[in-house]
Amino acid sequence: MSNEGLKNDVVLCGNIRSTESRTLDADRLMFKAKINDIKIIAWGTIAERMSSEIREGDVVRISGIIKERSYDSACKKCGGKQKTYWTDVEVYAFTKEEN
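Residues numbered from 1 in each chain as written. Predicted model: local features only at pLDDT ≥ 70, side-chain atom pairs only at ≥ 80, totals over all residues. Heavy atoms only, no water.

Some points on the nonpolar core
To be explicit about the condition: Take the buried Ala, Val, Leu, Ile, Met, Phe, Trp, Tyr and Cys residues and link them wherever side-chain atoms come within 4.5 Å; each set so joined is a nonpolar core. Only protein chains enter the area calculation, which uses a 1.4 Å probe; residues under 20% of their type maximum are buried, those over 50% are exposed, and those in between are partly exposed. Secondary structure elements are defined from DSSP: runs of H or I of at least 4 residues count as helices, runs of E of at least 2 residues count as strands, and each element is numbered from the N terminus. Contact between two residues is taken to exist if any of their heavy atoms lie within 4.5 Å; hydrogens are not considered.
The biggest cluster of nonpolar side chains holds 18 residues, and the ones touching the most others in it are I40, M50, I62, V91 and F94. Listed by contribution, the elements that provide at least two residues to this core are β1 (9–24), β2 (28–35), β3 (38–43), α1 (44–53), β4 (59–74) and β5 (81–97). The dominant element in this core, judged by the number of residues it contributes, is β2, at 4 residues. Sequence-distant contacts of I62, that is, excluding residues within four places in its chain, are made with V10, V11, L12, I35, I40, M50, V89, V91, A93 and F94.

Observations regarding the pattern of salt bridges
Applicable threshold: Whenever a carboxyl oxygen of Asp or Glu lies within 4 Å of a side-chain nitrogen of Lys or Arg, that contact is scored as a salt bridge.
Counted by the stated rule, this structure contains 10 salt bridges. Of the charged contacts, one joins R49 and E53 as a salt bridge, the two residues approaching to 3.4 Å between their closest N and O atoms. Here E53 and R49 lie together in helix α1, a separation of 4 residues that amounts to about one turn. Residue R61 is joined to E97 by a salt bridge in which the shortest nitrogen-to-oxygen separation is 3.6 Å. With R61 in strand β4 and E97 in strand β5, this pair connects stretches of sequence that are 36 residues apart. Owing to a relative accessible area of 37%, R61 belongs among the partly exposed residues under this scheme. Residue classification places E97 among the partly exposed residues on the basis of a relative accessible area of 27%. Salt bridges sharing partners connect three or more residues here, namely K67, R69, D88 and E90.

Rendered as structure tokens:
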């Protein structure tokens, strides 16, 4: 069976916690939060909408794609290079649910 065409979609519903919005280079807006300890991230227009409509404690249903990201960092013990990984859900749609 081929995996071609599958998008790795996920739907989460829960209370929003730990919200953060910031503008990055080239005026690109980013919105980060957590739903049930799962990190979510949104960019651009979706991030603008989420930052203006969503507050901590709101119940939100999001649709997104699971993404693994990484960066090179210095090891705290030896000072050498190490790769740091994390996984989050990149949001492409959301709705605010009634509590």
